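# Summary of structural features
The lines below spell out each chain.
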Amino acid sequence: MVEKKSTSIASAAAATTDKEKTNQPVYSEAAVRNNFSILENSRTCQAAASGIASGALGLTGAYGFIFYFIFVLVQAILWEYKAGFKWNTFFVNRSLSITHSIVGGLFTYVLFWVFIYGIVYVY
Amino acid sequence: MTDLLLDPAIRTWVFIPIVVVTFFVGIVRHYVHLLLVSKKKNELEKVQDTHYLAKARLLRQNGHILSSNDFAMRKQFFVDEKDGYLHSRIQGPSTGPNPLDPAMMTEMLKGNMLNMVPMLVIGGWINWTFSGFVTTRVPFPLTLRFKPMLQRGVNLTSLNAAWVSSASWYFLNVFGLRSIYALVLGGENSAATTMDEQMMGVNPAVQQDPKQVFKAEWEALQISFHKFKL
């Protein structure tokens, strides 16, 4: 799933009008959408897996949330590694590696965390 | 580790079934949405308009490849006072798309209904069936203000607010499973869209679109300057 990320954005420089001297890159919309969906899917998987881990370990309160953000950073490092540390050839926004869908992932993380915590510790 | 001991029967018959029901109701809602959405019939005039607009924009972007005569000819086709296409569309019929258009209204209502109704129905059923006992414990500390919200049927005043009822477990499921739907149903699925997205997406974009777009295109063409690059 992550291999598809190698479709880079087709940055064809097209001069718009003769008034603008700089070249503006053109983005292939299919590639952009594909890249975002890859981020979303891997974010969901990370949230689920770390939620299960956190529930099994019995983390409570603030430790659980810190755990989630640690994994967000680990995920960001993995993404950067996969992009060959050239984030700008794949995404426009530089901070996207950390902030993409952080709240959506948080909801999924809390769900799995509560679920596994309940299964393991409450019952 | 924990101060309360819960019957394992709760786990088997309440905890897991709520997750399963929420998940499958979401999937069913997605497929029902697919069945109910009606195909949009595009009028020929609208399609024609979009194509002409695209042609005018391409002319502006790539006009430097054409010779000046060709460019002037194509430009005149669009902006001419008497026969130009853009001009006639600006002066032409002034009725924008009607926001009270019956087809669009039913579309919006259907989408809203389809999202709201199952959630309310299932929420109410769960509240009624699984009431009077505590379902699980959330791992994080909650203040006492959350108690009436999260412990619906349980009337113990000294119970720690972390012990929640089944209704709150249901809502936690609804929010948490939205990303999972994206994973399972693949991208554009209607099980994950929330209600306010639907309201916002339809209204602003449609109001006075055609006339403004034509006028903008006409002005842009007027000021575009042709410089031969070949």
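Check the entry above for the structure.
Let me begin by describing the structure that accompanies this report.

About the thresholds
- Residues numbered from 1 in each chain as written.
- Chains lettered and ligands numbered in written order.
- Predicted model: local features only at pLDDT ≥ 70, side-chain atom pairs only at ≥ 80, totals over all residues.
- Heavy atoms only, no water.
- Patch = residues over 30% accessible without salt bridge, like charges linked within 9 Å, V, L, I, M, F, W, Y side chains within 5 Å.
- Areas by Shrake-Rupley, 256 points an atom, 1.4 Å probe, with all protein chains shown as cover.
- Salt bridge = Lys/Arg side-chain N within 4 Å of Asp/Glu carboxyl O.
- Helix = DSSP H or I, 4+ residues; strand = E, 2+ residues; numbered from the N terminus.
- Buried < 20%, exposed > 50% of the residue type's maximum accessible area, 1.4 Å probe, protein only.
- Contact = heavy atoms within 4.5 Å.
- Buried area = accessible area lost by both parts, 1.4 Å probe.
- Polar contact = N/O pair within 3.5 Å; in protein donor to acceptor, adjacent residues only side chain to side chain.
- Axes fitted to C-alpha atoms, helices over the stretch in contact; angles between N-to-C directions.
- Parallel < 35°, antiparallel > 145°, perpendicular 65-115°, else oblique.
- Left-handed = near helix turned anticlockwise from the far one by under 90°.
- Nonpolar A, V, L, I, M, F, W, Y, C, P; charged D, E, K, R; others polar.
- Core = buried A, V, L, I, M, F, W, Y, C linked by side-chain atoms within 4.5 Å.

## Let's talk about a nonpolar patch on the surface
Residue and element names in this part refer to chain A. Taken together, the side chains of Tyr 63, Ile 66, Ile 70, Val 74 and Leu 78 present a nonpolar region at the surface, about 510 Å² in accessible area. Among the secondary structure elements, Ile 66 is positioned in helix α2 (residues 62-82). Given the relative accessible area of 47%, Ile 66 is considered partly exposed.

## Looking at the pattern of salt bridges
All names here are of chain A. Summed over all chains, the structure comprises two salt bridges over all chains. One salt bridge connects Glu 80 with Arg 94, and the closest N-O pair in it is separated by 3.2 Å. Of the two residues, Glu 80 sits in helix α2 while Arg 94 sits in the loop between α2 and α3 (96-99), which places them 14 residues apart along the sequence. Residue Glu 80 is classed as buried on the basis of its relative accessible area of 11%. On the basis of relative accessibility, which here comes to 42%, the residue Arg 94 falls in the partly exposed class.

## Concerning the interface of chain B and chain A
Size of an interface: often given as the accessible area lost when the parts come together. With 34 residues of chain B at the contact, the number on the chain A side is 26 residues. Summing the contributions of chain B and of chain A, the shared interface buries around 2,600 Å²; its carbon and sulfur component is 72%. Three residues stand out in chain B for area buried against chain A, namely Pro 139, Phe 140 and Leu 183 of chain B, and they jointly supply 22% of the buried area on that side. Put simply, chain B and chain A have zero salt bridges between them. Our count for the chain B to chain A interface comes out at three residue pairs in polar contact (both at pLDDT 80 or more).

## Considering the side chain of Thr 135 of chain B
Relative to the helices and strands, Thr 135 of chain B resides in the loop between α5 (102-129) and β1 (136-137). In terms of polar contacts, Thr 135 of chain B uses its side chain to reach the backbone amide nitrogen of Ser 166 of chain B, at 3.1 Å. Apart from the residues lying within four places of it in its own chain, the contact partners of Thr 135 of chain B are Tyr 123 of chain A together with Leu 6, Ile 10, Val 14, Phe 15, Val 164, Ser 165, Ser 166 and Trp 169 of chain B.

## Description of the packing of helix α1 (residues 29-57) of chain A against helix α4 (residues 102-122) of chain A
Residues and elements named next belong to chain A. Contact geometry of α1 with α4 gives a least axis separation of 7 Å together with a crossing angle of 30°. What the angle tells us is that α1 and α4 run roughly parallel. Crossing angle aside, the handedness with which α1 passes α4 is right-handed. Across from Arg 43, Thr 44, Ala 47, Ala 48, Ser 50, Gly 51, Ile 52, Ser 54, Gly 55, Ala 56 and Leu 57 in α1, the residues of α4 making contact are Ile 102, Gly 105, Thr 108, Tyr 109, Phe 112, Trp 113, Ile 116, Tyr 117 and Tyr 121. Grouping the amino acids of the contact of α1 with α4 by side-chain chemistry returns twelve nonpolar, seven polar and one charged.

## Here we look at the nonpolar core
Membership of the largest hydrophobic core comes to 43 residues, with the highest contact counts inside it found for Tyr 109 and Val 110 of chain A together with Leu 6, Ile 18 and Trp 169 of chain B. At the level of elements, α1, α2 and α4 of chain A together with α1 (8-36), α5, β2 (163-164) and α7 (166-185) of chain B are the ones that each hand at least two residues to this core. Residues in contact with Ile 18 of chain B, not counting those within four places in the same chain, are Ile 126, Phe 130, Ser 166, Trp 169, Tyr 170 and Asn 173 of chain B.

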